[in-house]
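Next come the chains, spelled out residue by residue.
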Amino acid sequence: MADSSTAKLPIAKALNTALRNALESDPKVLVMGEDVGKLGGVFRITDGLQKDFGEERVIDTPLAESGIIGTAIGLALRGYRPVAEIQFDGFVFPAYDQIVTQLAKMHARSLGKVKLPVVIRIPYAGGIGAVEHHSESPEALFAHVAGLKIVSPSNADDAYWMLRQAIECDDPVIFFEPKSRYWDKGEVNTSGIPGPLHAARVVRPGSDLTLVAYGPTVRTALQVAAVAQEEGRSVEVIDLRSISPIDFDTVQRSVEKTGRLVTVHEAPVFFGAGAEVAARISERCFYHLEAPVLRVGGFHSPYPPARLEEDYLPGLDRVLDSVDRSLAY
Amino acid sequence: MGTVLLAGRRTGQSSTARIRPRRTRPRAPYGAERAALAARTTPGAGPTEEQVTVESTAERGTPRRGTAAKKTAAKKTAAKKTAAKKTAANRTPDKKIADKKTAGKKAATARRTTARGTAGGGPQDRPAMVQLLTPEGERVEHPDYALDLDADGLRGLYRDMVLTRRFDAEATSLQRQGELGLWPSLLGQEAAQIGSGRALHPDDYVFPTYREHGVAWCRGVDPTNLLGMFRGVNHGGWDPNDNNFHLYTIVIGSQTLHATGYAMGVAKDGADSAVIAYFGDGASSQGDVAEAFTFSAVYNAPIVFFCQNNQWAISEPTERQTRVPLYQRAAGYGFPGVRVDGNDVLAVLAVTRAAVERARSGEGPMLVEAFTYRMGAHTTSDDPTRYRPDDELAQWEAKDPILRLRRHLDLTGAADDAFYAAVEEESDVLGRRVRETIRTMPDPDSMAIFENVYADGHALVDEERAQYAAYLASFEPEEN
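Residues numbered from 1 in each chain as written. Chains lettered and ligands numbered in written order. Predicted model: local features only at pLDDT ≥ 70, side-chain atom pairs only at ≥ 80, totals over all residues. Heavy atoms only, no water.

(A) Quick peek at the overall build of chain A. When helices and strands are counted, chain A shows 12 helices and 14 strands. Its C-alpha atoms give chain A a radius of gyration of 20 Å, near enough to 20 Å, the size a compact globule of 329 residues would have. The principal-axis extent of the C-alpha atoms belonging to chain A is close to 60 × 45 × 40 Å. Looking at chain A as a whole, 62% of its 329 residues qualify as buried. Contacts spanning at least 24 positions in sequence make up 81% of the contacts within chain A whose residues lie at least 6 apart. (Helix = DSSP H or I, 4+ residues; strand = E, 2+ residues; numbered from the N terminus. Rg over C-alpha atoms; globule rule 2.2 N^0.38 Å. Buried < 20%, exposed > 50% of the residue type's maximum accessible area, 1.4 Å probe, protein only. Contact = heavy atoms within 4.5 Å.)

What follows is the structure, given as C-alpha cells:
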C-alpha cells in the first residue's frame, strides 16, 4: 500500500490522478469543459473520469468559454467546487470578462459572504508546434487582477499536489499547465505532505546568480544551470510555482546570497511576471545587487508561427547569454 | 460590453440628441416585406393593448430530471393538449380577419411572413401579450393563465408597488441631494417586479441586475441595504443567502450565466426549487445571455429568464437589439417564451408563477418577456429627453401599473379610503426611514480596501495592508 502511493508519472497522468482523487474525496467537486468527457480532453488529462464518475460529475459543456466559467460561478454559489478546463490558452479570452469582472470580485463584493472555489485549468505556453492561439502565456493578464490566484507547476509531484490544493482552496485559482511538459516524468507521492501552494522552491542551489523560472521554463533553467556549472559558474534556480501571489521572500533570500538575478518566462517580457520580480527585488535587495536584474522571455509580438518558436522562446542559449551579461558586471 | 451607468455624461459630445423616428413603424427594406407589413399593420388595433393568446415558441419535449418531473409531466401533457386546442381555436378567427382586410397575394405573403415569424417586423410588431387587467382596471381572462386572488391578495400587490415606488422616489431624491452617487430608478416597472417577485417561493433563488429594487422588496431584503453600493460604501454587501437574492450585477447579462450554473446545481441536488434570472432588453444582445440560454436548455436547468423589456437600453431602443420580439428568441434554444403585459401585475404574477412552477417540476427553462416601460431615466446620470419623444412617455403613463391596479380595486370595491390612507402613511414612514438611514450610513474604514479580497489570504494583500496601515499610523502624532 505504501508503494502504491509513490509512482513515476508524467505530468499529464499526475493531473489526471489529482482530478480522480479529488472527485473521489469530495462529492462537490465537478470537472467541466469542452471534450472532457468521452474524449478525456484534447490532452487526455481527464481521461476515464466521466466513465467512472458519470456525466453529472464530469460534464461535457457546450462550446462556449464564457458559459463554462459563468456557470461554474453559479455552481460554486450553489456549493459545488467546479474544476473548469479551457482547452487552450488563447481560448480563455471569451471567458476573460466572467473571470475578471465576476469570478475575481464576487467574494469582495459580498463582503466575504460568498466563496468561489473555482479552478480554471488552462494548458498554456508553447513549444509543441501548434497553430496560433494554442501557445500563449497570458498569466500576467490574470495576475494583474486582485481576487485570483495563479499557479503553474513544473513537475509531476507539484502537478498532483498543486491541483489538489487549488481544488481545496476557497479562492478562484487559475491553474496554468505547461503543455510542452505534459510528458515529463517524475516521482509523485500521493500520500506525501505538500508545502504551501504559494511557496516558491529552490530547485537547485547555487552561489553566483539566481535564476527565477516557473512552469515550462524551469526545465530550461535547470539546463542552463548545468551548462553554467561546466563553465565554473554556480547558478541557483528558483521555481516560483505561484505567480499570484509571488513568494518574494524566497527570491530575496537567494539574491541576498548571490547578488545577481535573471528571470525567465515564455510570456512577453514587457509587463510580465519577470518585470514584477525585478521591480520588487530591486526595491528589497538594492544594496545586495551586483548587477541590474535581467529578464529573458517572449518578444512584444504575437506568438509566432511554429517554425519561429525557437527564436521566440527563451531557450538555453538566450538564457545563458543573459546569465553571462549579468555576471559580466 | 458592460453597462455604462454613467453614459449620460458622455452624450454631450455628439449630435445623438436627434429625436429618433417612432419605433412603431419598423423599417421594411424590401418590397415583399413592406407588403407583408402593410397587411399586418391594421390601424386602430393598438398592439400593446391587444389580448392575444400566447404563442409558446418551442416544443417542450426536453429531457426531464427526477421523478417529481415525471409525475407532473403526465398532468402537463393533458393540460398542454387542451391549451393547444384553445390556441388553435383562437388563432383561426385572427387569420380570418386578416384575410378579410387584405386581398389576394398580399395576404398570402403576409401569412407566409408571419409563419416565418420575423422578417420585416420589428420587435414591437404584433406582441402576443398575456393580459389579465386592462389599463382601465377591468379584469379579463386568459385561457392559459388563470389567477384567483382575493381582495387581500390584490391589496397586498398594491401596497408592494406603492412602497417600492416610494422607496425608489426617495432614492432618486437622495441622489439629487448628493447622498447617493447614482441611482437606477425602476419607475414604471413596479408591476413587472412585484408580480414576478411575488410568484416565487422562499427557496427559489433570484439573480438580479441592478434595478430589481421591487424584487428585492419581495424577497424581504431591507431596502436600505440596496443603497450602499450607490452611495459608494461597498459593492453590494448583503449576504445573498439570507434571502436567496444574489448581489446586483453591473456587467450586463453576466448574471444569467451565474443563475444558469446555480440552477444546474439545483438540478444536481435534486431540489425542487427554481432560479430566476432578471435582465433587460439591452442584455438580450449580450453573448452571455445567449450562452445562458444554450446551457440552460441542454442541461434542462430549472430556470426562468425574466426579461424586463423596458424599451430602452440607455438611449438604444429595442430595435437596436433585436429584429424579432424578444420572447421568440426562446424558440431557437428549444424552450418556450411568452410575452406578458409588464404593467399588469396580475398577468405577470400568473405567468411567472406558471414558469417557475414549470421549472420547479423539472420541465426546464422558460423565457418571460415582460413588456413594460422605463418611465424615468436609465440612471440619474442619464437624460432621456435627448433621445425619447415626449408623447411616448405620455402614452405609457396612461398604462401606469399602480394606477391600473387602483382602478381595479375601486371598480371591485376591494379597497376603501382607509386602506389607501394606511398605505400612504406606511410609505411616509418608509421614506423617513430611508432618509435617516442613508444620512447616518457610515463610510467604511480605510482598511476595508484590503478585506475580503481573498478568502484564504494572499501575501501581496497582507504586505500592502501592513504598508498602508503604517502609512496611516504615521499621521497620528500630528493629530495630537
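This is not the end of the story, as more comes after the structure.
(B) The arrangement of the nonpolar core in detail. Membership of the largest hydrophobic core comes to 148 residues, with the highest contact counts inside it found for Ile 69 and Ile 99 of chain A. No other element matches the 10 residues that helix H12 (residues 345-360) of chain B contributes to this core. The two domains that each donate at least three residues to this core are domain 1 (7-189) and domain 2 (201-328) of chain A. Setting aside chain neighbours within four positions, we find Ile 69 of chain A in contact with Ala 84, Ile 86, Ala 95, Gln 98, Ile 99, Leu 103 and Ile 120 of chain A. The next biggest cluster of nonpolar side chains, apart from the first, holds 35 residues, and it includes Ala 12, Ile 167, Cys 169 and Phe 175 of chain A. (Core = buried A, V, L, I, M, F, W, Y, C linked by side-chain atoms within 4.5 Å. Domains from an automatic or database assignment.)

(C) Representation of a negative patch on the surface within the structure. All names here are of chain A. Together, Glu 230, Glu 231, Asp 317, Asp 321 and Asp 324 line one region of the surface with negative charge. In terms of residues, the negative patch owes the most to one element, helix H12 (residues 316-327), which gives 3 residues. Judged by relative accessible area, Asp 317 falls into the exposed class, the value being 62%. (Patch = residues over 30% accessible without salt bridge, like charges linked within 9 Å, V, L, I, M, F, W, Y side chains within 5 Å. Areas by Shrake-Rupley, 256 points an atom, 1.4 Å probe, with all protein chains shown as cover. Salt bridge = Lys/Arg side-chain N within 4 Å of Asp/Glu carboxyl O. Lys, Arg positive; Asp, Glu negative; His and termini not counted. Charge placed at Lys NZ, Arg CZ, Asp CG, Glu CD.)

(D) How the structure looks around the domain arrangement of chain A. Residues and elements named next belong to chain A. Its domain assignment divides chain A into domain 1 (7-189) and domain 2 (201-328). Once you take the C-alpha centre of each, domain 1 and domain 2 turn out to be 26 Å apart. Tallying the contact residues gives 27 residues for domain 1 and 20 residues for domain 2. The junction of domain 1 with domain 2 conceals about 1,800 Å² of combined surface from both sides, 48% of it contributed by carbon and sulfur atoms. For domain 1, the biggest contributors to the area lost against domain 2 are Glu 139, Ser 154 and Arg 181; these three give 25% of the whole. When the shortest N-O distance is used, the salt bridge between Arg 219 and Asp 184 registers 2.7 Å. Run the count over domain 1 and domain 2 and you get 15 residue pairs in polar contact (both at pLDDT 80 or more). Counted by class, the side of domain 1 that touches domain 2 contains 12 nonpolar, 9 polar and 6 charged residues. (Buried area = accessible area lost by both parts, 1.4 Å probe. Polar contact = N/O pair within 3.5 Å; in protein donor to acceptor, adjacent residues only side chain to side chain. Nonpolar A, V, L, I, M, F, W, Y, C, P; charged D, E, K, R; others polar.)

(E) Broad picture of the UniProt feature "domain: Transketolase-like pyrimidine-binding" (unreviewed entry) in chain A. Under the UniProt annotation, the feature "domain: Transketolase-like pyrimidine-binding" (unreviewed entry) is placed at residues 9-184 of chain A. As annotated, residues 9-184 of chain A has a helix share of 36% and a strand share of 17%, and its two end C-alpha atoms lie 8 Å apart. (UniProt positions renumbered as here; feature names shortened; annotations may be inferred.)

(F) How the structure looks around the interface of chain A and chain B. At the junction of the two partners, chain A supplies 46 residues and chain B supplies 43 residues. Between chain A and chain B lies a buried interface of about 3,600 Å² when both sides are counted; carbon and sulfur atoms form 58% of it. Here Asp 269 of chain B and Lys 28 of chain A are joined by a salt bridge, their closest N and O atoms 3.8 Å apart. The interface formed by chain A and chain B includes 23 residue pairs in polar contact (both at pLDDT 80 or more). Those elements that place two or more of their residues in the side of chain A that touches chain B are strand E3 (58-60), helix H3 (65-77), helix H4 (96-103), helix H5 (106-109) and helix H10 (273-284) of chain A. With 10 residues, the single largest contributor to the side of chain A that touches chain B is H3 of chain A. Broken down by class, the residue content of the side of chain A that touches chain B amounts to 18 nonpolar, 14 polar and 14 charged.

(G) Geometry of the pattern of salt bridges. All names here are of chain B. Tallied over the entire structure, the rule returns 39 salt bridges over all chains. Note that Glu 190 is salt-bridged to Arg 165, the shortest N-O span being 2.8 Å. Note that Glu 190 is positioned in helix H5 (residues 190-197) and Arg 165 in helix H4 (residues 151-176), a separation of 25 residues in sequence. Accessibility classification places Glu 190 together with Arg 165 in one group, the buried group. A salt bridge links Arg 360 to Asp 204; the nearest nitrogen and oxygen atoms lie 2.5 Å apart. One end of the pair, Arg 360, is in helix H12; the other, Asp 204, is in the loop between H5 and strand E2 (205-207), with 156 residues separating them in the sequence. With a relative accessible area of 1%, Asp 204 lands in the buried category.

(H) Seen up close, the sheet that holds strand E4 (residues 303-309) of chain B. Residues and elements named next belong to chain B. Strand order across the open sheet formed by 6 strands is E1-E7-E8-E4-E3-E2, with parallel pairing between neighbours. The open sheet has two free edges, formed respectively by strand E1 (129-130) and E2, since each of these has just one partner strand. The pairing of strand E3 (residues 275-280) with E4 spans 6 bridges and is parallel. The residue of E4 that forms the bridge with Tyr 278 is Phe 306. (Pairing = 2+ DSSP bridges.)

(I) Examining the packing of H3 of chain A against H4 of chain A more closely. Residues and elements named next belong to chain A. The contact between H3 and H4 brings their axes to 8 Å, and the two run at 25 degrees. Judged by the inter-axis angle, H3 sits roughly parallel to H4. Two secondary-structure elements touch here, H3 through Ser 66, Ile 69, Gly 70 and Ile 73 and H4 through Gln 98, Ile 99, Gln 102 and Leu 103. (Axes fitted to C-alpha atoms, helices over the stretch in contact; angles between N-to-C directions. Parallel < 35°, antiparallel > 145°, perpendicular 65-115°, else oblique.)

(J) The arrangement of the pairing of strand E5 (residues 119-124) of chain A in detail. Residues and elements named next belong to chain A. Taken across its 6 residues, E5 has 6 buried, putting it largely inside the fold. Side chains Val 119, Arg 121 and Pro 123 of E5 all project onto a buried face; the interleaved residues Ile 120, Ile 122 and Tyr 124 project onto the opposite face, where all are buried too. Sheet topology note: the strand E4 (residues 81-85)/E5 ladder contains 3 bridges and is parallel. Each bridged residue has a counterpart across the sheet, and for Ala 84 the counterpart in E5 is Ile 120. Bridge count for E5 against strand E7 (residues 173-178) is 6 bridges, and the pairing is parallel. Within the sheet, the bridge partner assigned to Ile 120 lies in E7 and is Ile 174.

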